[in-house]
Structure formats: structure tokens, C-alpha cells
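For reference, the chains in residue letters:
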There are 2 protein chains.
Amino acid sequence: MKYFASRMDHVPKSFIREILKVTENPEIISFAGGLPNPNLFPIKEIQEAAVKVLESDGKNVLQYSTTEGYYPLREYISKRYYEKHSLKIDPEEILITNGSQQALDLLGKIFINHSDQILIEKPGYLGAIQCFSLYQPQFRSVSLKEDGICLDELETVLKKDKIKFFYGVPNFQNPSGITYSLSNRKELAKLLTRYSVNFIEDNPYGDLRFIGNDIPPVRSFMEEGGILLGSFSKTVVPSFRIGWVCAQKEIMNKLVIAKQGADLHTNYFSQRVVMQYLTDYNIENHINKIKESYKKQREKMVEAIEAYFPKGISYTRPEGGMFLWVELPSFISSMKLFEKAVAENVVFVPGSPFYLEGGDNALRLNFSNSSEAVIDEGMRRLSKALKSFF
Amino acid sequence: MKYFASRMDHVPKSFIREILKVTENPEIISFAGGLPNPNLFPIKEIQEAAVKVLESDGKNVLQYSTTEGYYPLREYISKRYYEKHSLKIDPEEILITNGSQQALDLLGKIFINHSDQILIEKPGYLGAIQCFSLYQPQFRSVSLKEDGICLDELETVLKKDKIKFFYGVPNFQNPSGITYSLSNRKELAKLLTRYSVNFIEDNPYGDLRFIGNDIPPVRSFMEEGGILLGSFSKTVVPSFRIGWVCAQKEIMNKLVIAKQGADLHTNYFSQRVVMQYLTDYNIENHINKIKESYKKQREKMVEAIEAYFPKGISYTRPEGGMFLWVELPSFISSMKLFEKAVAENVVFVPGSPFYLEGGDNALRLNFSNSSEAVIDEGMRRLSKALKSFF
């Protein structure tokens, strides 16, 4: 009985889901997932906020609500963009979504016709590849360099193909940890504007810069066509699934229609709890605590690479975020390394799921969800697996 | 700049969204929305449950979680089907979704190819029409009769067209309030099985039967092809957006892939709070309270129709749920009545959004979200608007 839609034929399997099954074994140290450090969750504060909204406004916070999201929360997001980056975004142009992952799905839905060409980074966020795949586009990809997107490659693609949008993660990219420099952003914005191509700018990690200074979003340099995503998953809590997308009115109208069909609205209680938390506490203090911790964890991981890994292995030195990217010599397959690593009770994500093709000589390591001691031990194990190839 | 996907060309405007703007005026009595009665929300109990899960397991309840949903909640749902209807559904075949609305979107995504023929009720749930529209099917529809779906019409369609699935709401249907009888369900199951057509059985109101006895889901009478939806929005709280879909393994696998791309997982904190609430309290007692109240509200509405409406108007007498359906004489347009009703400070949903075409001589009234006194006053106003046509 062949009754599924043809779009389901083209979805890449989620390798990460398979890995997660392996990591149920408590002996395993996992650098595979993309989990924030739960020791830093503001549990007491969230509890206070939850009690407060229920006691003061229970009937409303438990009722159905609007598709667009809680207005004061959208105002807060608007205000913070202005304060942090002098970026003016009208609250009316912000839609609250179930994490920024849902924003990707809604954007795919409103933009992608079958066979449309869309552009992603190489390597790219696999959740985006998976989500967009369901709308059956033709993927194009552009390499990342140390300072951002490869502009020459980008221009070649823009000249040759009719690109619907470019999707990228300019801050501490997933999986590479790379950040686009200020000049790279400005040039990127110019190029996209010249070719009238929208930029879907995903920014889940932007607040987590632990080295150097913040750089304004690419959207700051685009008059039109900048679609900016954000999330409270990495700064407040992940399980609430509260993210957002900023888009100009015409796009916003379509997103609202798509969101309404998709689930009516995002969990309103959690929107109210987050807003209460943001009102009663200084989020910047909390973010500073996260950054302090991730900085140490990332330093420990780099230290361990230097101390334990064989020579001939290169890696990124992210200035923020949660991931670090390792490139192996061409004779080592990360899939084969994965098998050996499992035998040593440590796991990571092999490179190929982040590529449309190839990418097997790289791997992604997550440092946010392990203590320094665990990172040290895990990296010892990983280096043991690595050395077996030499 | 024509850059949206063609699927966005075909979405019906949401008339209800427009109505909601009108109802921001506090003078207006609204029978338009589909809101549960907030006076019955278990606010204190939810608060207790929230505090409990945060205190006992804060790090986990705030962390990312699995796409399928919290396993004990899926076990609870499975067990309740068995206890209530002797229906065996494996917890592995239950996916937690953002309200049952998201289940509709995911089902549309995995099943509908462009131009596939799908079948809905006439009148039908407009959220389903809107959501499925985005996958660009060809809609077919089958009339509802007093005891359920019109089987003759159904067979004619099944013979003629290659139907991908039939979507229906057998209990206290939205918008009509109609319930499929036991024999109607059995015949429907037989017909669908004979033609190998899946049934998407939406059941948001099934627990809210205030007259007569429960009837088992249509799925009980189908060996294969029964996809059953459910929700806590009408029995616990709406704002959490916790619903579910039960489907056989092959379909479940596709749904999980679609769900992962759509938003990774449903708000995990709220899943845990609902489960804690279900563990610590007797939900049946709570549901009984809701039913008692809705029964009185529905009786008041029928009483008011009898007392105030001009003759020649027919209406359904729902045995549960939240809606009642009114059919007007052919010379009264419900859109024109709507304008006059707004002038009298009362609103409802005109019939046509529930139809693929036509339907203007009917309207939907919600009785769950107004007290008996408000229902009485609102119906007086509506009858005044009605009488102006005579």
C-alpha cells in the first residue's frame, strides 16, 4: 500500500536520533547532542514565575490565545534588539513559534515550491536540511571559511541559479562553531540585496558569546529580505519550545496563516511564564553565568585536543555557542571513528549528516552539556579511538 | 515580487480571526469562538502539579526531550482507551502533538500529494479545511445527517474517486454538534475498509458527553486504517497545546519524522505537568463538573431558541461538546444576519466557512464559554437581529 506523499521519500534519516539511542547507556559520554547545561537552568525562578502567573491570571494563562503570540513578549524581543543592536523591529513583525525549529518549517511552507532552489551553508544545520527537505527543494550549498560564508562561491551560485532564499547561522554556527565577521556580514548583505534573495538568519546561540564582542545581525545591513530567528531555548529553558521569527509584514501575514493551520498558537502558559521571568529577573546576569561556564567547558575541550589528539587534526575555536568542529586527515572516516568511539564509551556526530554529500572526514563535538571533568575523560577516550587509525 | 509558494494562494481566509477582532469590544456577547469555560479550569491543581515537577525533577522537565512525547503520558492515554472503550492502542503508536491541530498538519504533510483527493464532512471543521488546503488536495465532501455521515453519498464518492483519507469528527461534531450513531460508525468502518481508505478520526469533544452513553470510536471497528486524534485542551487546559495522534507503526514512523522537522518536540514541561495532574487528581470528577455545566448551558441555549426565535428555524440538539448548529430559512443569509447581530452586540460564526461552497443559510453557536445568564441575553439579542428579516 503506497499511500504516503512523495515528499516523505526524500527525507534524510536523522542520524542524531540513532545516536541518542546509544547514549541511553549511562556509561557513555556524549558530545553528540545539542543540549544546554541543565545545571544552569533557573529552576527556582521559573517556579516562582509559574506560580505568579497562575495566581494572578490563571483563567487567562490557561485559555486559548492568539496565533501571533503574547504581545508583551513580542515587545520585549523588539526592545532587546534595539538595545543590543540598534535594530528596529516592530512587535507586529514578530511571531512566537515552537522553538526556532518551527519557524524553519513555516518558512519552508510559505516559500518553497517543489524544485525551487534554496541555499544553505556547507556544512549546514541538519535540522534545517531535514525540515526544508519535506518541501522538496533543490539544495545548493556554499562553503564556510574561518571568517564566514565564502563570498566568491556565493556570488557564483547567485549568478547561475535562481535562489529562493539563503539559510545561515552567522553566530557560532551549528555544526562548525564559525562566526561571520562584520565585514563578511556587510558583503553578504550587499550580495543578497543585489540579487534580491531573502536571508533566513537563524540565531539560536547569538547571546552566548564568551570571547570578543557582539556583531550585529546580517539583517541590520539589509533594507529588505532579512528574516531573523531567535529562541529562548539556550538562554532560559529548552523544554518550553519558545522561539520567534521576525519578518516584514507581507511575509508575517503568510506565516500567521501557516502557523494557524499548524497548531493554532504556541503554548501560551509558557509564553507568560517566560515573560514573568524576564520581568522579575535580570536575564543578562543569567546569560553571563551560562557564558562563563561554556567558556571554561570550551577551553577544556580545546586543551584536551591539544593534549591528547594525534597531530594532523584541525579544529575550530568558537567564540561562543555550544559546538566545536573537528577535521580529520583524509584517511579517517568519521563513521568508522564513530564505531570505535562507541566501543570506548564516547560519542559525537559524524560530519556527513551536515552535508548534502561527502563530509565524512569531519565531526561535531558539543561542549555545553558536559562538565570539565567529563570533557577531559571523554576526550581521552576519543583520542584513544582516533589513535587506532594511526 | 512574487516569491511565495503556490500553496499559499489557496488558503481560505480565516473568518473566525476577523470575528475575534470584533469581539475585543467588551459589550459584545460572543457565541463565535470555541473556547472552553475558564471558570472550570483546575488552576490550583495545575499550580500544584507545576511546583511538584519542578521541585522533584527540574533539570529534566526543563531540558529538551524526545519527539514522540513523554512515555508515561502515552501509557496513560493508551490505558484510558482500553478502560473506556476496550480499545487496544500501544503507547508506541501514540505521538504527542501541539494540540490535535498539529496532528492534522502532520497528517496532511505525510499523506497529501498535490491534487490528491481527500474527503471531509459537510459542514466540516474549518481548521482542518485550512490546514489541509496548504497541501493542495482536491476536497470532496459528504453530508451529515442526524445520525452521522450519509452512507449512500459516501459510497458514491468512494466508488467514483480515489480518496486518500476521510477526515471526520464523530462526536459532537464541529460545527454541527452531530454525533455518529453506533450503527452509522459500524457501517462507515465497513465501507472505508472495503475501499481501503484511512479514517482520520478527530475527537476533541468525546469526553464531554452530557446526555446518553458513550459510543466507541470508529477505529474500534477498523482492523487497519484508523487514525485517532485526541486532546487535553477541552478536559484539562487549552493553553498547554497538548494533543495526540494514534496511528499504526508505519504511519507513526512518518509522523515522527515530520514532527521532528516541524518543532523537535512538544513542550515537555507541560506534558509533565499534565501527567502529574492526571496522577494526583481524578480527571473523571473534573470532567463530570465540565459536563454538568455545559449541559445546563446547552439547555439554556435551546430554551432560548424556543422562547425567542421566530418559527421556521431548525437547530441540532447536541448530546455533548460545545457547539450547536442553526439552519435558517433560505431567504436569510447568515452573513447578512452577522452584520445585524454585530449591531445588536452579539456574534456567531456564519455557515459558509464550514463549507467548500455554499452554506450561507446556517450558523454555528458556541455555548461552552458563556454563563446561562449571558446565553439568555445573547440569544435575545440574536433573535432581535433575526426578526428584522421577517
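A quick note: this is a predicted structure, and the numbers were derived from the prediction, not measured.

The next subject is the packing of helix 2 (residues 43–61) of chain A against helix 9 (residues 268–280) of chain A. Residues and elements named next belong to chain A. Between helix 2 and helix 9, the least distance of the axes is 8 Å, while the angle of their chain directions is 125°. As the angle between them shows, helix 2 and helix 9 are arranged oblique. Viewed along their axes, helix 2 and helix 9 form a crossing whose handedness is right-handed. Contacts from Glu45, Ile46, Ala49, Ala50, Lys52, Val53, Leu54, Asp57, Asn60 and Val61 of helix 2 reach helix 9 at Tyr268, Phe269, Arg272, Val273, Gln276, Tyr277 and Asp280. Classifying every residue of the contact of helix 2 with helix 9 by side-chain character gives 10 nonpolar, two polar and five charged.

Moving on, we get to the pattern of salt bridges. All names here are of chain A. Taken as a whole and judged by the stated rule, the model has 43 salt bridges over all chains. When the shortest N-O distance is used, the salt bridge between Lys84 and Asp207 registers 2.5 Å. Pair noted here: Lys84 is in helix 3 (residues 71–85) and Asp207 is in the loop between strand 7 (198–201) and strand 8 (226–231), with a separation of 123 residues, a long-range link. Classification of Lys84 by relative accessible area gives partly exposed; the value is 31%.

On to the sheet that holds strand 4 (residues 138–145) of chain A. Residues and elements named next belong to chain A. If you trace the eight strands from one edge of the open sheet to the other, you get 2-9-8-7-6-3-4-5, paired in mixed fashion. Of all strands in the sheet, those bounded by a partner on one side alone are strand 2 (94–98) and strand 5 (148–149). As defined by bridge partners, strand 2 adjoins strand 9 (residues 242–246) across five bridges and the pair is classed as antiparallel. Bridge pairing in strand 9 links Ile94 to Cys246.

Put simply, chain A has an average pLDDT of 95, and 98% of its residues get 70 or more. Scored as a whole, the predicted complex attains pTM 0.97, and scored at its interfaces, ipTM 0.97.

It is worth spelling out helix 3 (residues 71–85) of chain B at this point. All names here are of chain B. For helix 3, built from 15 residues, the straight-helix expectation of 21 Å at 1.5 Å per residue is met to within 8% by its first-to-last C-alpha distance of 21 Å. Those residues of helix 3 not exposed but buried are Leu73, Arg74, Tyr76, Ile77, Ser78, Arg80, Tyr81 and His85. Positive phi shows up at Ser86, right after helix 3, with a value of about 50°.

To continue, consider the nonpolar core. All names here are of chain A. Counting residues in hydrophobic clusters, the biggest one holds 83 residues, and the most contacted among them are Phe111, Phe132, Tyr167, Val326, Leu365 and Met379. Of the residues forming this core, the biggest block, seven residues, is contributed by helix 10 (residues 283–308). Summarising the domain contributions, this core has at least three residues from each of domain 1 (6–42 + 285–387) and domain 2 (61–280). Apart from the residues within four sequence positions on either side, Phe132 is in contact with Leu104, Gly108, Ile112, Ile118, Pro137, Phe139, Phe165 and Tyr167.

It is worth spelling out helix 4 (residues 99–111) of chain B at this point. Every α-helix carries 3.6 residues per turn, so stepping three or four residues along brings you back to the same face. Along its 13 residues, helix 4 of chain B runs 19 Å from first to last C-alpha, staying within 8% of the 18 Å computed at 1.5 Å per residue. For helix 4 of chain B, the buried fraction is high: 13 of the 13 residues fall into the buried class.

For the coordinates displayed, the defined rule picks out 36 aromatic pairs over all chains. Ring centres 4.9 Å apart and planes at 55° place the aromatic pair Phe232 of chain A and Trp244 of chain A in the tilted group. With Phe232 of chain A in the loop between strand 8 and strand 9 and Trp244 of chain A in strand 9, the pair connects residues that are 12 residues apart, well separated along the chain. Comparing Phe232 of chain A with Trp244 of chain A, the two get one shared label, buried. Aromatic pair Tyr70 of chain B and Tyr268 of chain B: ring centres 5.7 Å apart, planes at 80°, arrangement edge-to-face. Here Tyr268 of chain B lies in helix 9 (residues 268–280) and Tyr70 of chain B lies in the loop between helix 2 (43–61) and helix 3, a separation of 198 residues in the sequence. In this structure, Tyr70 of chain B and Tyr268 of chain B share a single accessibility class: buried. In this structure an aromatic cluster arises from ring pairing among Tyr3 and Phe4 of chain A together with Phe111, Phe132, Phe165 and Tyr167 of chain B. The ring of Phe4 of chain B has Lys254 of chain A sitting right over it, with the charged end atom 5.2 Å from the ring centre. The ring of Phe389 of chain B carries the charged tip of Lys340 of chain B above its face, separated from the ring centre by 5.2 Å.

Moving on to the pairing of strand 4 of chain A. Here is the key point about a regular strand: its side chains alternate between the two faces of the sheet. Residue and element names in this part refer to chain A. Of the pairings in the sheet, the one linking strand 3 (residues 117–122) to strand 4 comprises six bridges and is parallel in character. Opposite Leu119, over in strand 4, you have Arg140 as the bridge partner. Taken together, strand 3, helix 5 (residues 126–133) and strand 4 constitute a β-α-β crossover, and its handedness is right-handed. Here two bridges tie strand 4 to strand 5, and the two strands are oriented antiparallel to one another. Bridge pairing in strand 5 places Leu144 opposite Ile149. The hairpin turn running from strand 4 into strand 5, its antiparallel successor, is two residues long.

This part is about the side chain of Asn171 of chain A. All names here are of chain A. Structurally, the position occupied by Asn171 is in the loop between strand 6 (163–168) and helix 7 (182–194). Among the residues examined, Asn171 registers a relative accessible area of 9% and is labelled buried. There is a polar contact of 2.7 Å between the side chain of Asn171 and the side chain of Arg185. Excluding residues that lie within four positions of it along the chain, Asn171 makes contacts with Ile178, Thr179, Arg185, Asn203, Tyr205 and Gly206.

Rules used throughout
Residues numbered from 1 in each chain as written. Chains lettered and ligands numbered in written order. Predicted model: local features only at pLDDT ≥ 70, side-chain atom pairs only at ≥ 80, totals over all residues. Heavy atoms only, no water. Axes fitted to C-alpha atoms, helices over the stretch in contact; angles between N-to-C directions. Helix = DSSP H or I, 4+ residues; strand = E, 2+ residues; numbered from the N terminus. Parallel < 35°, antiparallel > 145°, perpendicular 65-115°, else oblique. Left-handed = near helix turned anticlockwise from the far one by under 90°. Contact = heavy atoms within 4.5 Å. Nonpolar A, V, L, I, M, F, W, Y, C, P; charged D, E, K, R; others polar. Salt bridge = Lys/Arg side-chain N within 4 Å of Asp/Glu carboxyl O. Buried < 20%, exposed > 50% of the residue type's maximum accessible area, 1.4 Å probe, protein only. Pairing = 2+ DSSP bridges. pLDDT = per-residue confidence, 0-100. Expected span 1.5 Å × (residues − 1). Core = buried A, V, L, I, M, F, W, Y, C linked by side-chain atoms within 4.5 Å. Domains from an automatic or database assignment. Phe/Tyr/Trp six-rings, centres within 6.5 Å; stacked < 30°, edge-to-face > 60°. Lys NZ or Arg CZ within 6 Å of the ring centre and 35° of its normal. Right-handed = clockwise from strand over helix to strand, strands pointing away. Polar contact = N/O pair within 3.5 Å; in protein donor to acceptor, adjacent residues only side chain to side chain.

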